[in-house]
Amino acid sequence: MVQQFPALIIIIPLFAALITVPLGSFNRRFCHPWLILVMAATGLMAIALLGQVIAHGPISYRMGGWQPPWGIEYRIDELNALMLVLITGAGFLGAIYSGASFKKEIDGRQTMASSLYLMMITGLSGIVITGDLFNIFVFLEIASLSGYGLIACGGNDAPLATFRYIIMGTIGASCYLLGVGYLYISTGSLNLMDLSRLLPELYHTRVILTAGALMLVGIALKMALFPLHAWLPEAYYEAPSTVSGVAAPLYTKVAGYLMIRIIYNLFDFHFFTEIFPILEVLGWLAIIALLIGSLYAIAQTDLKKMLCYSVIAQVGYIVLGIALANRAGFSGAILTIINEVCTKSCIFLATGAIIYRLGDSRITSLGNLFRRMPITMLAFTVGVFSMIGIPPTMGFFSKLYLIFGCLEAGHWSFIAALLLSTILNVVYFFRVIKAACFEDPRPDYQRTEPYPEVAVEEAPASMLLPVVAAASAIVLTGLGSHWIILNIIRPIIPAGF
Amino acid sequence: MLEFVISKYNFWIYVILMMIGLYAMLAKRNLVKKLIGMNIFQTAIILFYVSIGVKKGNVQVPIILTEHGHLVKAIRAADYLNPLPHVLMLTAIVVSIATTGVALAVLILIYRRYQTLNEDEILAIRQQRRETGA
Amino acid sequence: MKVIILIFVILAGGLLLYGTLDMPGWGDPHSPASTWVSPGYIEQAYEKTETPNIVTAVLADYRSYDTMGETTVIFTAAIACALLLRGAVGNRRKEDE
């Protein structure tokens, strides 16, 4: 049975999305349990796949039995299995969360929204599991279309933000498709493993140079790397809470996975350091993204908008790890991806719980929040510690490996920028914690009578559970980071490091 | 020189078409014009792919000639066009239509809210609403 | 602003044109795209799939997974449009009472 899991893990959410529409038309209350059931099944399959890949090595699965490159092949190694576990895990937490959250924000439209949610998970899983370049484009479009539909549901200015996202996202996907076209015209094949065998003799031609540049630009647009980040803050700010809690951690990290695949598996990374020296430029763009994201975040007065700018800063960490091109940097990039999925899920879902209770998320209205919503704010604080990099959370280990990578490569200015951005993170996150601890930011020293009692009005249990689960995942993955590095990262480090 | 131009001019035309679409997407202020630019951009990429599959000479479309179930003559790859770009572009055309459909639905929502489709006016109205609302 | 975008678009077009200088010519029968994967499709599609139309054979048999993805794209777009424009589905009879 486990042999068929690579196909089932895409088919089950897809058919469940089809079944959701008649099921929800019959009775809207069936959507939430159905969503949880399907995501639990998919999550268990992903964990089983990860276990099998760690025990027995990479799996190769042929769709329809046709031999590659004539048919489509799935090649699952540790990186794919890890990304699958992360995507289905975050999807499972979002599915539990969506019951109360959809009812509050987009009541009446839960059927279609749940169906699109399952389509989003299908699309993202399909991107990370396949080994054929055109198949990546098809699943990228499935994930993008469901993202556009879900984001346009929320708030007041959501449609305008979504339209800008549609334009920039389509430029990105089309640039990627054009890059695949340039590769196809000069080699004749579309399979990842086949191309990595055929390309080395063509490295000095202009077609391959342009193809590499086009694919990287397309993926940088999807990933919101520094100059091309303008669509992200508005789109994820206006989205409903469940959608931003699941989409914000996942989309940019899946695009980061694609960048790793292209730079290290499709082309040999020597192509990008010697013949087409783009890794230097990527490193500098990543540093600028770190600093500019943190500076913009400090300037915000709304908690959710601040978190969206924080996502832009964290994309800089991942690209820095990729651009360093040594063992420690590569490990740092993958640990940052794991950290980001857990931490951003925790923080965005906690912010959604705050919006559920308070109605808005401006920092000035967060007074006394530690007394009113103790469990939510406790999980939020664990997430903040992970963003800053305090052990034993996963954030500490990811930053540690990034600094080791910079040391190994000799870029001292990068280490200074990393430490500076950590301090900036402290500034803007602790501002939120300070506002939530006290009733009023300016204490009244003349006051003599006791403060009024504050009632505890927590978010509903179906919203608390995912937040607490994500927070404990941060600490557990941090404690298990040595196991992760040994079993998952070490086998996939590219040869030549 | 003339040989060089003749063997490459189709790719140049498609690149010029792509750039027209890209300019429309980025520079026009009307949202519907941006959408049309997106369509032109994707169509140019589709044309680029389809032109990869052409073979000069006495070749025919990739449908094998049969008569009552038997082959008319033996199949040789040099007699038929390349089928793979056609397959890929059938999918890409569908993806392009789907994206245009969702974008038009989003445009309807924008029109309901702002009563205009000009980006400058929309930003001005939004700024005004934020100032009076906040 | 429009001038800056025009200059950027011309530079991007220049980069793409630079990439086409090395490409195989239009219609070259010995180009890599016509000699690596597609002869396998042309020569074996009829005996393995009994379909004279090779494009159909590739679309529905060799690369049928891409066709399933394309159908899913259409479904996703339809649901997204329904979600945005129509909205409430289900429990309608109970709401009217």
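Quantities reported herein were computed from a predicted structural model and do not represent experimental measurements.

Undergrad: Talk me through the nonpolar core; I want residue IDs and the actual numbers.
TA: Core analysis: the largest hydrophobic core is formed by 257 residues, its most contacted members being Leu133(A), Tyr182(A), Leu183(A), Tyr236(A), Ile263(A), Leu266(A) and Phe267(A). The greatest single-element share of this core, amounting to 17 residues, is contributed by helix α6 (residues 158-187) of chain A.

Undergrad: Any chance you could break down the packing of aromatic side chains for me, citing the residues and the numbers?
TA: In total, this model carries 30 aromatic pairs over all chains according to the counting rule given. Note on Tyr148(A) and Tyr165(A): the rings are 5.1 Å apart at their centroids and 90° apart in plane angle, and the pair reads as edge-to-face. Of this pair, Tyr148(A) sits in helix α5 (residues 133-151) while Tyr165(A) sits in helix α6; the two residues are 17 residues apart in sequence, bridging distant segments of the chain. Comparing Tyr148(A) with Tyr165(A), the two get one shared label, buried. Through a chain of ring-to-ring contacts, three or more aromatic side chains come together here, namely Tyr203(A), Phe267(A), Phe271(A), Phe272(A) and Phe276(A). The lysine or arginine in question, Lys305(A), covers the ring of Tyr237(A), its NZ or CZ lying 5.3 Å from the ring centre. Arg113(B) extends its terminal NZ or CZ atom over the ring of Tyr114(B), reaching a point 5.5 Å from the ring centre.

Undergrad: Explain the interface of chain C and chain A to me, and be specific about the residues and the numbers.
TA: Contact residues are listed per partner, giving 42 residues for chain C and 56 residues for chain A. In this assembly, chain C and chain A are joined by 1 salt bridge. Note that Asp132(A) and Arg63(C) form a salt bridge whose closest N and O atoms lie 2.7 Å from each other. Where chain C touches chain A, the interface holds 8 residue pairs in polar contact (both at pLDDT 80 or more). When residues of the side of chain C that touches chain A are traced back to their parent elements, those giving at least two are α1 (2-20), α2 (32-35), α3 (38-49), α4 (54-62), α5 (64-85) and α6 (92-96) of chain C. The residue inventory of the side of chain C that touches chain A, partitioned by class, reads 24 nonpolar, 10 polar and 8 charged.

Undergrad: Got a sec to walk through the state of the cysteines? Specific residues and values, please.
TA: According to the stated counting rule, one finds 0 disulfides over all chains in the structure shown. Here Cys308(A) stays free of any disulfide, with the sulfur of Cys346(A) as its closest cysteine sulfur at 16 Å. Take Cys308(A): its relative accessible area is 0%, and that puts it in the buried class. Cys153(A) provides the cysteine sulfur closest to Cys81(C), a residue in no disulfide bond, and the two sulfurs are 12 Å apart.

Undergrad: Requested: an account of the pattern of salt bridges, with residues and values cited.
TA: This structure, assessed with the given rule, holds 16 salt bridges over all chains. With its nearest N and O atoms 3.8 Å apart, the salt bridge here joins Arg113(B) to Asp157(A). Linking Arg113(B) in helix α3 (residues 84-114) with Asp157(A) in the loop between α5 and α6, this pair reaches from one chain into another. You can call Asp157(A) buried: its relative accessible area is 8%. Glu119(B) is the partner of Arg164(A) in a salt bridge, and the nearest nitrogen-oxygen pair spans 2.8 Å. One end of the pair, Arg164(A), is in helix α6; the other, Glu119(B), is in helix α4 (residues 119-133), on a second chain. Note on Glu119(B): relative accessible area 8%, which makes it buried. Each of Arg164(A), Arg29(B), Lys34(B), Glu119(B) and Asp120(B) takes part in a single network of salt bridges with overlapping partners.

Undergrad: Please give an account of the packing of helix α14 (residues 327-358) of chain A against helix α20 (residues 481-489) of chain A that cites residues and values.
TA: Residue and element names in this part refer to chain A. Their axes nearest at 11 Å, the elements α14 and α20 cross at an angle of 115°. The interaxial crossing formed by α14 with α20 has right-handed handedness. On α20, the residues that touch Ser331, Ile334, Leu335 and Ile338 of α14 are Ile484, Ile485 and Ile489. Partitioned by chemical class, the residues of the contact of α14 with α20 number 6 nonpolar, 1 polar and no charged.

Undergrad: Please provide a residue-by-residue account of the interface of chain B and chain C, values included.
TA: In this complex, chain B contributes 48 residues to the contact, which on the side of chain C involves 41 residues. In total, chain B and chain C occlude about 4,200 Å² of area from one another, counting both sides; carbon and sulfur atoms represent 77% of this. Of all residues in chain B, the largest losses of buried area upon contact with chain C belong to Met19(B), Tyr23(B) and Val87(B), amounting jointly to 12% of the total for that side. If you look at where chain B meets chain C, you find 0 salt bridges.

Undergrad: Provide a residue-level description of the packing of helix α3 (residues 78-105) of chain A against α14(A), including the pertinent values.
TA: Residues and elements named next belong to chain A. One can describe the packing of α3 onto α14 by two numbers: an axis separation of 11 Å at closest approach and a directional angle of 0°. As judged from the angle between their axes, α3 and α14 are roughly parallel. Where α3 approaches α14, its residues Leu79, Leu82, Met83, Leu86, Ala90, Tyr97, Ala100, Lys104 and Glu105 are matched on the opposing element by Ile334, Ile337, Ile338, Val341, Ser345, Leu349, Gly352, Ala353, Ile355 and Tyr356. Per-class residue counts for the contact of α3 with α14 are 15 nonpolar, 2 polar and 2 charged.

Undergrad: Just give me the short version of the side chain of Arg126(B), but keep the residues and values in it.
TA: Within the secondary structure, Arg126(B) is located in helix α4. Note on Arg126(B): relative accessible area 11%, which makes it buried. If we skip the residues at most four places from it in the chain, Arg126(B) touches Asp157(A), Leu160(A), Glu234(A) and Tyr114(B).

Undergrad: So what's going on with the environment of Tyr117(A)? Which residues, and what values?
TA: All names here are of chain A. When you line up the elements, tyrosine 117 lands in helix α4 (residues 110-129). A relative accessible area of 1% places tyrosine 117 in the buried class. Measuring from C-alpha to C-alpha, the distance between tyrosine 117 and isoleucine 312 comes to 23 Å, with 195 residues separating the pair along the chain. If near-sequence neighbours (up to four positions away) are discounted, tyrosine 117 is found in contact with Leu35, Ala90, Gly91, Gly94, Ala95, Leu150, Thr242 and Val246.

Undergrad: Tell me about the side chain of Ser241(A), residues and numbers included.
TA: All names here are of chain A. Here serine 241 lies in helix α10 (residues 241-266). Looking at serine 241, its side chain comes within polar contact range of the side chain of glutamate 105, at 2.6 Å. Filtering out sequence-adjacent residues up to four positions away, serine 241 remains in contact with Tyr97, Ser101, Glu105, Lys304 and Gly352.

Undergrad: Could you give an account of helix α2 (residues 31-52) of chain B, with specific residues and numbers?
TA: Because each turn of an α-helix spans 3.6 residues, side chains separated by three or four positions end up pointing in the same direction. For α2(B), which comprises 22 residues, the first-to-last C-alpha distance of 33 Å matches the rise-based estimate of 32 Å (1.5 Å per residue) to within 8%. Its side-chain oxygen 3.2 Å from the backbone nitrogen of Val32(B), Asn30(B) forms the N-cap of α2(B).

Undergrad: A description of a negative patch on the surface should follow, citing residues and the corresponding values.
TA: A surface patch of negative charge is lined by Glu439(A), Asp440(A), Asp444(A) and Glu449(A). You can see Glu449(A) is positioned in the loop between α18 (412-437) and α19 (461-479).

Undergrad: Account for the pairing of strand β1 (residues 59-62) of chain A, naming residues and giving values.
TA: Residue and element names in this part refer to chain A. Going residue by residue along β1, you find Ile59 and Tyr61 tucked away on one face and Ser60 and Arg62 left uncovered on the opposite face. Summarising the sheet, β1 and strand β2 (residues 73-76) pair through 4 bridges and their orientation is antiparallel. Its bridge partner lying in β2, arginine 62 is registered against glutamate 73.

Undergrad: Break down unusual backbone geometry for me, with residues and values.
TA: A negative phi angle is the norm for most residues apart from glycine, just as the trans form is the norm for most peptide bonds. All names here are of chain A. Note that the residue after proline 68, namely proline 69, is joined by a cis bond; omega there is 5°. The backbone of alanine 325 sits at a positive phi, close to 60°, despite the residue not being glycine. You can see alanine 325 is positioned in the loop between α13 (303-324) and α14. Here asparagine 368, not a glycine, exhibits a phi torsion of approximately 60°, which is positive. Locating asparagine 368 in the fold gives a position in the loop between α14 and α15 (369-372).

Undergrad: Outline the environment of Leu291(A), listing residues and values.
TA: All names here are of chain A. Structurally, the position occupied by leucine 291 is in helix α12 (residues 278-298). The sequence separation of leucine 291 and alanine 313 amounts to 22 residues, and the corresponding C-alpha distance is 7.0 Å. Beyond its immediate chain neighbours, meaning those up to four positions away, leucine 291 contacts Ala417, Leu420, Ser421 and Leu424.

Conventions we followed
Residues numbered from 1 in each chain as written. Chains lettered and ligands numbered in written order. Predicted model: local features only at pLDDT ≥ 70, side-chain atom pairs only at ≥ 80, totals over all residues. Heavy atoms only, no water. Core = buried A, V, L, I, M, F, W, Y, C linked by side-chain atoms within 4.5 Å. Buried < 20%, exposed > 50% of the residue type's maximum accessible area, 1.4 Å probe, protein only. Helix = DSSP H or I, 4+ residues; strand = E, 2+ residues; numbered from the N terminus. Phe/Tyr/Trp six-rings, centres within 6.5 Å; stacked < 30°, edge-to-face > 60°. Lys NZ or Arg CZ within 6 Å of the ring centre and 35° of its normal. Contact = heavy atoms within 4.5 Å. Salt bridge = Lys/Arg side-chain N within 4 Å of Asp/Glu carboxyl O. Polar contact = N/O pair within 3.5 Å; in protein donor to acceptor, adjacent residues only side chain to side chain. Nonpolar A, V, L, I, M, F, W, Y, C, P; charged D, E, K, R; others polar. Disulfide = S-S within 2.5 Å. Axes fitted to C-alpha atoms, helices over the stretch in contact; angles between N-to-C directions. Left-handed = near helix turned anticlockwise from the far one by under 90°. Buried area = accessible area lost by both parts, 1.4 Å probe. Parallel < 35°, antiparallel > 145°, perpendicular 65-115°, else oblique. Expected span 1.5 Å × (residues − 1). Patch = residues over 30% accessible without salt bridge, like charges linked within 9 Å, V, L, I, M, F, W, Y side chains within 5 Å. Areas by Shrake-Rupley, 256 points an atom, 1.4 Å probe, with all protein chains shown as cover. Lys, Arg positive; Asp, Glu negative; His and termini not counted. Charge placed at Lys NZ, Arg CZ, Asp CG, Glu CD. Pairing = 2+ DSSP bridges.

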